[in-house]
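# Notes for the structure review
Spelled out, the chains give:
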Amino acid sequence: MLLHYFCTQMDITCTKEERQLLERIAAAADGINMPCYLIGGFVRDKLLGRNSKDADIVCVGDGIALANAVAATFEPKLQVSFFKNFGTAQIKLNNGFEVEFVGARKESYQEHSRKPLVEIGTLVDDQNRRDFTINAMAISLCKDDFGALIDPFNGVGDLEAKIIQTPLDADITFSDDPLRMMRAIRFATQLNFVIEEKTLASIARNKERIKIISQERITDELNKIIASKVPSVGFDLLYRTGLLEYFFPQMTLLAGVEIIEGKGHKDNFYHTLQVLDNVAYRSNNLWLRWAAILHDIAKPPTKRFEMGHGWTFHGHDALGKKMCTPIFRQLKLPLNEHLKYVAKLVGLHLRPISLSKEEITDSAMRRLLFDAGEDLEDLMMLCESDITSKNKQKVRRFLENFEIVKQRLKIVEEQDKIRNWQPPIDGAEVMRIFNLPPSREVGFIKTAVREAILDGLIPNEYDAAYSFMIQKAAEMGIIPQP
Ligand code: CTP
């Protein structure tokens, strides 16, 4: 019955190539008389009808020997990479699909380390040590029951009920490997599942154990949460279980509402999550999603209550931009062009909104075009996502004003071509004309020319820029050199 059940599933969800690969592995294992099973993510994803890029095989015996036997069935023989200490081996097919082989094991963990003491075990031992019931299902690749589903913890039931729970006592599973707390929240977010009550309570109880996990691994899971369809689900769970506090305290500071003289401000944590979901709905760009997470990050340190005005967060855009580098460093996110992009959007996130409130001048438009450059569309997406008021009329008014700003930006850009614009006179030319070494004066003159064009004081043309430059330099006592 089980055999039939799973074979039916496999026919539905495995590609022909995957099916052939599994049969090839089964034949190689039979050749060396070694029982082996598909396990973990591949089984889960196939039952869910999702695609897989890799498969894990657990065998009762030496995983490296099985990997070699499978690799030898390919012409030419595939390369096997292996980690002798862990008894694991990996092959990569020509189409990029990866298969990992590991001997079945029984593990026990020590308190201060993720490194387990490993003993050889049975398939059941191996399933017991897995993180969640939905990841502990195995499919036999043995000759006599090929295709049978071995599901001791009713993972299929949990897949159907959309539940994440540990196979054994959750405190043991999480304490053994605290990264699993992040994984539970990641799977709940990715798959739109619910974390079972006892499992969730255990995360809150064991949250401190996250300290023994490297930041790189935590951030890897965090990015998978952020890349999900509705990332707020994961952040809400991270916050409520107390995990977020351990690795991203700046974000938890956004939570809460303070009330003075009957005036409260919005809860900036939940506002940020709403903006993040709004951005996620519009774009898959991970870094635009990071900009959403960080756009208001400096609200707590800039928060003031001003008599007669209420709550203000003056300068949270500029301070937020500055906070991006230490936060990226703390979270071990890349300190490269992605950081620059996120910091730029955080720094500019109020600009389009303020334009939509004011009388719009062409020079303000030009400045925004120049400052945002090629990231203007992303900035506009972030700003639209930032409108989370519950007042429908207010939202509509904002969005209408926004449309006007967008139209005007388009017109100004068509006229002036400011976005990838370089001023007609650069620093090298200033140095040559006045025979100056690199210096503050050169920077001052160059910037004055650029600003004059952006402000519309002079046209965007070489001759006008040249005359303006001569005049500015003269005011500083600098004259052209022959
Ligand atoms: N596993 C575990 N504890 C961990 C990591 C992994 O028990 N901390 C087990 C689970 O059975 C998991 C399998 O190892 O299904 C493979 O892990 P991995 O490849 O990291 O994750 P997948 O479950 O395959 O999911 P994804 O590919 O989405 O990360």
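Keep in mind the model is a prediction, meaning the values are calculated, not measured.

### Topic: the site of the ligand
Taken together, 13 residues are adjacent to the ligand, and Arg44, Arg130, Asp131, Asp177 and Arg186 come closest. In this structure, Arg130 approaches the ligand through a side-chain N or O atom, which is 3.1 Å from an oxygen atom. At a separation of 2.9 Å, a nitrogen atom of the ligand approaches a polar side-chain atom of Asp177. Considered on its own, the ligand offers 560 Å² of accessible surface; in the complex 76% of this is hidden by protein. Top contributing element to the shell around the ligand by residue count: helix α8 (residues 179–191), with four residues. Classifying every residue of the shell around the ligand by side-chain character gives one nonpolar, three polar and nine charged. Mapping the shell around the ligand onto the domain boundaries places at least three of its residues in each of domain 1 (4–161) and domain 2 (163–247).

### So, the packing of aromatic side chains
Evaluation of the coordinates by the stated rule reveals 12 aromatic pairs. Pairwise contacts between aromatic rings join Phe248, Trp287, Trp290 and Phe328 into one cluster. We note Arg24 situated over the ring of Phe74; from NZ or CZ to the ring centre the distance is 3.8 Å.

### Some thoughts on the pattern of salt bridges
The tally for this structure, following the rule as stated, stands at 27 salt bridges. Of the charged contacts, one joins Arg367 and Asp455 as a salt bridge, the two residues approaching to 3.0 Å between their closest N and O atoms. Taken together, the residues span a long stretch of sequence, with Arg367 in helix α20 (residues 362–372) and Asp455 in the loop between α24 (440–454) and α25 (462–475) at a distance of 88 residues. Residue Glu384 pairs with Lys406 through a salt bridge whose shortest N-O separation is 2.8 Å.

### Details of the domain arrangement of the chain
Each assigned domain of the chain is listed with its residue range as follows: domain 1 (4–161), domain 2 (163–247) and domain 3 (427–475). Here the C-alpha centroids of domain 1 and domain 2 sit 24 Å apart. On the side of domain 2, 23 residues touch domain 1, which itself brings 22 residues to the contact. Surface buried jointly by domain 1 and domain 2 totals about 1900 Å² across both partners, of which 57% is contributed by carbon and sulfur atoms. Here domain 1 and domain 2 share one salt bridge between them. For Arg183, the salt bridge goes to Asp131, with nearest N and O atoms at 2.8 Å.

### Comments concerning the environment of Gly121
Along the chain, Gly121 falls in the loop between β7 (117–120) and α5 (123–128). As a C-alpha pair, Gly121 and Thr241 span 120 residues in sequence and 34 Å in three-dimensional space.

### Details of the pairing of strand β4 (residues 88–92)
In this sheet, β4 lies alongside strand β3 (residues 80–83) in antiparallel orientation, the contact comprising four bridges. Note on β4: the bridge partner recorded for Phe82 is Ala89. Bridge count between β4 and strand β5 (residues 98–103): five bridges; the pairing is antiparallel. Among the inter-strand pairings, Lys92 is bridged to a residue of β5, identified as Glu98.

### Here's the deal with the sheet that holds β5
If you trace the seven strands from one edge of the open sheet to the other, you get β3-β4-β5-β2-β1-β8-β9, paired in mixed fashion. The open sheet has two edge strands with one neighbour each: β3 and β9 (149–150). Here strand β1 (residues 36–39) runs beside strand β2 (residues 54–59); their pairing, made up of four bridges, is antiparallel. Looking at the pairing, Tyr37 lines up with Val58 of β2. Along the sheet face, helix α3 (residues 41–48) touches β1, β2, β8 (138–140) and β9 and points at about 60° away from the line of β1.

### Section: the nonpolar core
By size, the foremost hydrophobic cluster in this structure holds 136 residues, and its most contacted members are Phe248, Trp290 and Leu294. Examining the composition of this core, we find that eight residues originate from one element, α8, more than from any other. Not counting chain neighbours up to four residues away, the residues in contact with Phe248 comprise Trp290, Ile293, Leu294, Ile297, Ile327, Gln330 and Leu331. Core analysis: the second largest hydrophobic core is formed by eight residues, Tyr37, Val102, Ala138 and Cys142 among them.

### A word on helix α17 (residues 316–330)
Owing to its 3.6 residues per turn, the α-helix aligns residues three or four sequence positions apart on the same side. Compared with the 21 Å implied by 1.5 Å per residue over 15 residues, the 20 Å span of α17 between its first and last C-alpha is a close match. At Cys324, α17 shows its maximal kink, close to 30°; a proline, Pro326, follows between one and four residues later. Those residues of α17 lying buried are His316, Asp317, Gly320, Met323, Cys324, Ile327 and Phe328. Contact partners of the buried residues in α17: α13 (249–252), α15 (286–294), α16 (299–302) and α18 (337–348).

### Section: the environment of Leu159
Examined against the element boundaries, Leu159 turns out to sit in helix α6 (residues 155–161). We classify Leu159 as buried; its relative accessible area is 9%. Once the C-alpha coordinates of Leu159 and Gly49 are considered, the two residues, 110 residues apart in sequence, prove to be 11 Å apart. When neighbours within four sequence positions are excluded, Leu159 is seen to be in contact with Arg44, Leu47, Leu48, Ile134, Met137 and Phe193.

### Describing the environment of Tyr341
Here Tyr341 shows up in helix α18. What Tyr341 contacts, discounting residues up to four positions off in sequence, is Asn285, Trp287, Leu288, Asp375 and Asp378. Within the structure, the side chain of Tyr341 is placed 2.7 Å from the side chain of Asp378, a separation counted as a polar contact.

Cut-offs used in this document
- Residues numbered from 1 in each chain as written.
- Predicted model: local features only at pLDDT ≥ 70, side-chain atom pairs only at ≥ 80, totals over all residues.
- Heavy atoms only, no water.
- Near = heavy atom within 4 Å.
- Polar contact = N/O pair within 3.5 Å; in protein donor to acceptor, adjacent residues only side chain to side chain.
- Areas by Shrake-Rupley, 256 points an atom, 1.4 Å probe, with all protein chains shown as cover.
- Helix = DSSP H or I, 4+ residues; strand = E, 2+ residues; numbered from the N terminus.
- Nonpolar A, V, L, I, M, F, W, Y, C, P; charged D, E, K, R; others polar.
- Domains from an automatic or database assignment.
- Phe/Tyr/Trp six-rings, centres within 6.5 Å; stacked < 30°, edge-to-face > 60°.
- Lys NZ or Arg CZ within 6 Å of the ring centre and 35° of its normal.
- Salt bridge = Lys/Arg side-chain N within 4 Å of Asp/Glu carboxyl O.
- Contact = heavy atoms within 4.5 Å.
- Buried area = accessible area lost by both parts, 1.4 Å probe.
- Pairing = 2+ DSSP bridges.
- Axes fitted to C-alpha atoms, helices over the stretch in contact; angles between N-to-C directions.
- Core = buried A, V, L, I, M, F, W, Y, C linked by side-chain atoms within 4.5 Å.
- Buried < 20%, exposed > 50% of the residue type's maximum accessible area, 1.4 Å probe, protein only.
- Expected span 1.5 Å × (residues − 1).
- Bend = angle between axes of the 7 residues up to and from the residue.

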